[in-house]
Amino acid sequence: MKSSKRMLALASGIAALALLSGCASGGSGGGGKVDELTFWLSTSSAQEKGYQDLATAYEEKTGVAVKIVNLPYDGLQTKLRESAQANSLPDVVRAAGIDPIWSGKTVDLASIVDDEANGIDQDLIAKDEDGKVTSIPSDVTAAGLFVNKSLFDEAGVAYPTDPAKAWTWDEFLDAADKVKADTGAKYDLVFDSSPSRLRAYMFTKGTDFMQQEKDGSFPTDAKTVDALQDFADMNDDSVMPKSVWTSGQDPNALFKSGQVVAYFSGVWQSSDFASNITDFDWASAATPADPTHATEINYGGNIVGFENSDTRGAAAEKFIDYMYDPTNYAKLVTTNGFLPVESGLDVQYPFESQAAKDSFALYQKEIEAADPISSSYAKAASEWAVEGKELGTDPTTAEVGKLINGQQSAKETLDTITKYYEEHVG
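Residues numbered from 1 in each chain as written. Predicted model: local features only at pLDDT ≥ 70, side-chain atom pairs only at ≥ 80, totals over all residues. Heavy atoms only, no water.

Comments concerning the confidence of the model for the chain
Thought 1: Averaged over the chain, the pLDDT score is 91; the fraction of residues at 70 or greater is 93%.
Thought 2: Here residues 1-29 is modelled with pLDDT under 50, and outside its nearest four sequence neighbours on either side it reaches 52 contacts, counting other chains as well. (pLDDT = per-residue confidence, 0-100. Contact = heavy atoms within 4.5 Å.)

Some remarks on the nonpolar core
Thought 1: In terms of nonpolar packing, the biggest core is built from 117 residues, with F39, Y324 and Y421 touching the most fellow members.
Thought 2: For this core, the element with the highest residue contribution is strand β4 (residues 136-148), accounting for seven residues.
Thought 3: Apart from residues no more than four positions distant in its own chain, Y421 is found in contact with R199, M210, F218, Y377, W384, L391, D394, P395, T396 and G426.
Thought 4: By size, the runner-up hydrophobic cluster in this structure holds 14 residues, among which are L80, V304, F306 and A385. (Core = buried A, V, L, I, M, F, W, Y, C linked by side-chain atoms within 4.5 Å. Buried < 20%, exposed > 50% of the residue type's maximum accessible area, 1.4 Å probe, protein only. Helix = DSSP H or I, 4+ residues; strand = E, 2+ residues; numbered from the N terminus.)

Observations regarding the packing of helix α8 (residues 222-234) against helix α16 (residues 396-404)
Thought 1: The interhelical angle for the contact between α8 and α16, taken along N-to-C directions, is 70°, at an axis separation of 9 Å. Of the possible angle classes, the one that applies to α8 and α16 is roughly perpendicular. Two packed elements cross with a definite hand, and for α8 against α16 that hand is right-handed. From α8, L228, Q229, F231 and A232 reach across to α16, where they touch V400, L403 and I404.
Thought 2: Considered class by class, the residues forming the contact of α8 with α16 number six nonpolar, one polar and no charged. (Axes fitted to C-alpha atoms, helices over the stretch in contact; angles between N-to-C directions. Parallel < 35°, antiparallel > 145°, perpendicular 65-115°, else oblique. Left-handed = near helix turned anticlockwise from the far one by under 90°. Nonpolar A, V, L, I, M, F, W, Y, C, P; charged D, E, K, R; others polar.)

Quick look at the packing of aromatic side chains
Thought 1: Across all of its chains, the model carries 33 aromatic pairs by this definition.
Thought 2: Summarising the aromatic geometry, the rings of F191 and F264 are spaced 4.7 Å apart at their centres and angled 15° between planes, so their arrangement reads as stacked. One end of the pair, F191, is in strand β5 (residues 187-191); the other, F264, is in strand β6 (residues 260-266), with 73 residues separating them in the sequence.
Thought 3: The interplanar angle of 40° and the centroid separation of 5.4 Å between the aromatic rings of F255 and F273 together place this pair among those described as tilted. Of the two residues, F255 is situated in helix α10 (residues 251-256) and F273 in helix α11 (residues 269-276); the sequence distance between them amounts to 18 residues. Like F255, the residue F273 is buried in the burial classification.
Thought 4: An aromatic cluster is built from W167, W169, F172, F191, Y201, F231, W245 and F264, whose rings are joined through pairwise contacts. (Phe/Tyr/Trp six-rings, centres within 6.5 Å; stacked < 30°, edge-to-face > 60°.)

Notes on the packing of helix α7 (residues 195-204) against α8
Thought 1: Contact pair α7 / α8: the axes reach a minimum separation of 10 Å and the direction vectors enclose 120°. It follows that α7 is oblique to α8 by the angle criterion. The crossing of α7 and α8 is right-handed. Residues L198, Y201 and M202 of α7 form the contact with α8, whose own contacting residues are T224, A227, L228, D230, F231 and M234.
Thought 2: Of the residues assigned to the contact of α7 with α8, the class counts are seven nonpolar, one polar and one charged.

Let's talk about the layout of surface pockets
Thought 1: Size it by volume and the second largest pocket reaches roughly 820 Å³.
Thought 2: Forming the walls of the second largest pocket are 31 residues, and the residues nearest its centre are Q47, R94, D139, W268 and F338.
Thought 3: Of all elements in the fold, only α2 (45-62), α3 (73-85), β3 (92-95), β4, β8 (297-305) and α13 (326-336) reach the threshold of two or more residues within the lining of the second largest pocket.
Thought 4: Grouping the constituent residues of the lining of the second largest pocket by class yields 16 nonpolar, twelve polar and three charged. (1 Å grid on protein atoms, 1.4 Å probe; cavity = no way out; pocket = protein on both sides within 12 Å on 5 of 7 lines; lining within 4 Å. Points joined across faces, edges and corners; volume = space filled by probe spheres on them.)

Structure, rendered in structure tokens:
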């Protein structure tokens, strides 16, 4: 969930809204039979295929067409806001996040989530105080560790590929140090400059990093302060380059250079590496558990149905119910290369790269083994939106950059971040 948002100029916004209104189902229109639903999303042409296949199968089964409108990622949320204000929302959307402007216009999806046959992970679902479910994740992403397999093989150093045999951070760093020394690599590790990846690290260290209390506060303790200092200390231009967190150097490019032993990022890199790394072999390794086995589980998208009328709302819910039927959902995640929100699926990804196949298999094991804290932020963010709260620009990366540069202490860094969170979503 990583895009910058720009407000459209008034004239272009009106023009875009007029165009999209022609695609949408239209206001609170009356009853009668629904012959066509409109489904907005923003995705690659490759991942659109899974939804198109689903829509085709649904029309064959029910006679109801599903018109998919694939919009630019940086404009979808704005267009949804404009459409909500004009009472011209689509029937279904795969949104990047839940927006307070339209969250009150949604269909309750609780019956789909509560159907045990669907096997939807309840830790991923946010419900309001009345038990309403505004959205269901289309898929999930997770943070994890990639290694330069060629360097590990050259140094004769092993790495775990089973979460049950995960190493600690110290064990990982000892191994990475040996690989670096034996192969002449430049860094042990690069780490995405992302609040999400930092949360994953802090969770593995056994902290309750950024966990909100019922009173809206985000308390910290000495254990959390120490863990954050440990992370900052790794950014010493030997273990990790300072430049990633302090000046925005690209960690993906650094890892692809072949001069970095390991890279802490997320599952979405697997497809990229399979296509674009040709100079060395790569692999996914088990995320260090120190002592908690955790990751950062986030939503790839949020499936939402809109109550444009009683009839259209019911039709939207019926289509979403069809989507999450395990047989249909398994086809969707297989075609699109998604990590599923449902358990017990037989998913055989069509990757040619064995490294990518192994990576996705490991990520599924990591998610199954992960402590529930791993999905706490994604769930909380959905709840904040339902409550009408907006976080805005997360200050975490900038503040941790100051810590790495020695401009403030770990305690001061945490105090600044938590104060911002409390002011915006407390």
